Amino acid sequence: MFWAPPPSLLLRTALSPQTGSRGRNAVLAGGSFPGPLIQAQKGGEISVNVVNQLVDESMPIDSSIHWHGIFQHETNWADGTSYITQCPIPANESLVYQFNPGDQTGTYWYHSHYSTQYCDGLRGPLVIYDPNDPLGDMYDVDDETTVITLADWYHITSPVLGEIATQVVPNSTVINGLGRYSGGPSSPLAVINVEQGKRYRFRIIGLSCASWFNFTIDGHDMTIIEADGVETEPMVVDSLPVFPGQRYSVVVTANQTVGNYWIRASADLLNRTFEGGLNSAILRYEGADDEDPTTEEGPYDLDFNESLLVTLNGAAVPGTPEVGKADVNLNLIPGHIGALFNINNVSFEDPTVPILLQILSGATHASQLLPNGSVYELPSNKVIELSFPATDGLVNGAVGGPHPMHLHGHNFWVIRSAGNSSYNFDNPIMRDTVSMGTQGDNVTVRFVTNNPGPWFFHW
């Protein structure tokens, strides 16, 4: 019998490559930003040996890796959340993450879940392919060339950013790790190559630290077929908001004249300009010249509306179809006092012992778990309704908002979306990351507690 060691993901401090960052040091997985694409097949086991070789103490050097969107059934320990399910991996140490996503397929990502470390570069894509994709007849190409990552980038390190009391603004938008910044050189941009007449499944991943993006491709509509690893009924749009942590698959048909077309990712925290290739990448048809596009944006007539996005073959929302009639109903009010965000007036602070270890050591009730006030005990196999109203008096609902909310270990039904005042209990989208919207919104979701363990819910 032969044993093959799992592939290693080396965490290293190195100059950030080609991000318009003026040569600053970064925390990189596999020496690149974004980190290398991890590919798997439905039902296959994923095993990754994370080796911490970080040395630059101007940035966090402990680490942990979260596999964003993976449920981690019976492998809660591998969720990768520092101080929730594990101690951070110290420098010069390693940890093998081993888990089976089961029936999960689609588009995911991995990133540091220690302090603000992923803002320094530790983030990358993860795709689980389905050989029997029910929507597979809608596209011709789906491989490593059709993964599109959207991220923000900062010229200074995250610990320094954390000391700034006002809103922090990124220096540039980077698409597949490449981008330009205002006043900087005309550095290379990401190029997505297509062949006229073919249909492409673009997997768009929000790897952002803070910014959300409005994603468009000049002259091309997009048909959404997946949101956060969940197949959807096809929806045609010409613009798509992508919040940090969210993922979409869209089918784009290369049906235009051979040439170069701007891919645009307008960031909410940067000036909305595309001058000189800012906030942009290039869609290049086979046979087109190697040059920047000259295409014009818009008009946009097919706006995205999350409340109209429907899960493919989706079932009705569990529980009584009335607001506040789930088995457990929680109103989680986001707030901000001084430099700290909070939920229901409690700011989360890392406990000295990971919550999972506290449970394994004998803690049986939330009142026994640290940090006090941040742990909610939920009964198993029950329907939970969460609402998080944007009510702190700020236009965007909270400082730096609108913010995405992400639940580990589960998908949820979005029964009330941002920008919408009605509730949908019949066929809403299921996903794991949702925008909490702007002032006056009351985004509401439901999920079932069918996956025991301590799970983070956060923005």
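Note on numbering: residues in each chain are counted from 1, in written sequence order. Only residues with pLDDT of at least 70 are given local features in this predicted model, and only at 80 or more are side-chain atom pairs given and counted; all residues enter the totals for whole chains, interfaces and linings. Only heavy atoms go into the side-chain values, all of them from the structure, while hydrogens and water stay out.

An account of the overall build of the protein chain is needed here, citing residue identities and associated values.
Only DSSP runs of H or I with at least four residues qualify as helices, and only runs of E with at least two residues qualify as strands; both kinds are numbered from the N terminus onward. Helix and strand content of the protein chain: two helices and 29 strands. Note that the radius of gyration is over C-alpha atoms, with the globule rule given as 2.2 Å times the number of residues to the power 0.38. Computed over the C-alpha atoms, the radius of gyration of the protein chain is 21 Å, within 12% of the 23 Å expected from 2.2 N^0.38 for a compact globule of 459 residues. By its C-alpha atoms, the protein chain is 65 × 60 × 50 Å across when sized along the principal axes. Intrachain contacts of the protein chain at a sequence separation of at least 6 include 74% that bridge at least 24 residues. In the structure as shown, the protein chain presents an accessible area of about 19,200 Å², 51% of it carried by carbon and sulfur atoms. Separation between the mean location of the 19 positive side-chain charges and that of the 48 negative ones in the protein chain comes to 1 Å. Should any heavy atoms of two residues lie within 4.5 Å, those residues are counted as being in contact. Using a 1.4 Å probe, the Shrake-Rupley method yields the accessible areas, and only the shown protein chains count as cover for residues. The charge count treats Lys and Arg as positive and Asp and Glu as negative. His and the chain ends do not count. Every charge is mapped to an atom, namely NZ of Lys, CZ of Arg, CG of Asp or CD of Glu.

Please provide a residue-by-residue account of the packing of aromatic side chains, values included.
Think of it this way: a Phe, Tyr or Trp ring, Trp meaning its six-membered ring, pairs with another when their centres are within 6.5 Å, and the plane angle makes it stacked under 30 degrees, edge-to-face over 60, tilted otherwise. In this structure the tally under the stated criterion is 12 aromatic pairs. With 5.8 Å between their ring centres and 40° between their planes, Trp67 and Tyr110 make a pair best called tilted. Linking Trp67 in strand β5 (residues 65-68) with Tyr110 in strand β7 (residues 106-112), this pair joins segments that are 43 residues apart in sequence. Residues Trp67 and Tyr110 agree in their burial class; the two are buried. Each ring, one from Phe348 and one from Phe456, has its centre 5.1 Å from the other, and the planes form 55°; the classification is tilted. Separated by 108 residues along the polypeptide, Phe348 in the loop between β22 (340-343) and α2 (355-360) and Phe456 in the loop between β28 (442-448) and β29 (457-458) bring together distant segments of the chain. Since its relative accessible area comes to 30%, Phe348 is described here as partly exposed. The exposure class assigned to Phe456 is buried, which follows from its relative accessible area of 16%. Three or more aromatic residues joined by ring pairs make a cluster, and in this case those are Trp67, Tyr97, Phe99 and Tyr110. Note on criteria: charge over ring means Lys NZ or Arg CZ within 6 Å of the ring centre, with the direction from the centre no more than 35 degrees off the ring normal. Between the NZ or CZ atom of Arg264 and the centre of the ring of Phe274, over which it lies, the distance is 4.8 Å. For every residue, the accessible area obtained with a 1.4 Å probe (protein chains only) is divided by the maximum for its type, and the residue is called buried under 20%, exposed over 50%, and partly exposed between those limits.

Give me the sheet that holds strand β1 (residues 8-15): which residues, what numbers.
Strands pair in a sheet through their backbones, by hydrogen bonds, and they do so in one of two ways: parallel or antiparallel. Read across the sheet, four strands follow the order β2-β1-β4-β6 without closing on themselves; strand pairing throughout is mixed. Across the chains shown, the open sheet's two edge strands, defined by having one partner strand only, are β2 (25-29) and β6 (94-99). For this sheet the average axis-to-axis angle between neighbouring strands, irrespective of direction, equals 20°. At least two bridges found by DSSP between two strands is the condition for calling them paired. Sheet topology note: the strand β4 (residues 46-53)/β6 ladder contains six bridges and is antiparallel. Within the sheet, the bridge partner assigned to Val50 lies in β6 and is Leu95. Fitted lines through C-alpha atoms give the axes, limited to the stretch in contact for helices. The angle between two N-to-C directions lies from 0 to 180 degrees.

How would you sum up unusual backbone geometry? Please name residues and give values.
The omega angle of the peptide bond from Gly298 to Pro299 is -5°, so this bond is cis rather than trans. Here Pro299 shows up in the loop between β19 (280-285) and β20 (328-331). That bond from Leu370 to Pro371 is cis: its omega, 5°, falls within 30 degrees of zero. Along the chain, Pro371 falls in the loop between α2 and β23 (383-389). Even without a glycine there, the phi angle at Gln72 is positive, about 60°. Locating Gln72 in the fold gives a position in the loop between β5 and β6.

How would you sum up the state of the cysteines? Please name residues and give values.
Throughout this description, disulfide means a covalent bond between two cysteine sulfur atoms. Two cysteine sulfur atoms make up a disulfide if the distance between them is within 2.5 Å. One pass over the structure, following the stated rule, counts one disulfide. Shown here is the disulfide that connects Cys119 with Cys209, its sulfur atoms set 1.9 Å apart. Judged by the sign of its S-S torsion, about 65°, the cystine formed by Cys119 and Cys209 is right-handed. Highlighted residues: Cys119 in the loop between β7 and β8 (123-129) and Cys209 in the loop between β12 (199-206) and β13 (213-217), separated in sequence by 90 residues. The exposure class assigned to Cys119 is buried, which follows from its relative accessible area of 9%. The class of Cys209 is partly exposed, set by a relative accessible area of 22%.

Pulling in residues and values, what's your account of the pattern of salt bridges?
Criterion for a salt bridge: a side-chain nitrogen of Lys or Arg within 4 Å of a carboxyl oxygen of Asp or Glu. Using the criterion set out here, one finds 17 salt bridges in the structure. Among the salt bridges present, the one from Asp133 reaches Arg201, with a minimum N-O distance of 2.8 Å. Taken together, the positions of Asp133 in the loop between β8 and β9 (147-153) and Arg201 in strand β12 put the pair 68 residues apart, joining distant regions of the chain. Both residues of the pair, Asp133 and Arg201, belong to the buried class. Of the charged contacts, one joins Glu385 and Arg446 as a salt bridge, the two residues approaching to 2.8 Å between their closest N and O atoms. Remark: Arg446 occurs in strand β28 and Glu385 occurs in strand β23; sequence separation between them is 61 residues. Like Arg446, Glu385 is buried. Overlapping salt bridges bring together Asp133, Asp142, Arg201, Arg203 and Glu226 as one network.

I'd like to hear about the environment of Ile128, residue by residue, with values.
On the secondary structure map, Ile128 appears in strand β8. Residue classification places Ile128 among the buried residues on the basis of a relative accessible area of 2%. Considered as a pair, Ile128 and Gln104 are 24 residues apart in the sequence and their alpha carbons are 7.4 Å apart. Sequence-distant contacts of Ile128, that is, excluding residues within four places in its chain, are made with Ala40, Gln41, Lys42, Ile70, Pro101, Gln104, Thr105, Gly106 and Tyr108.

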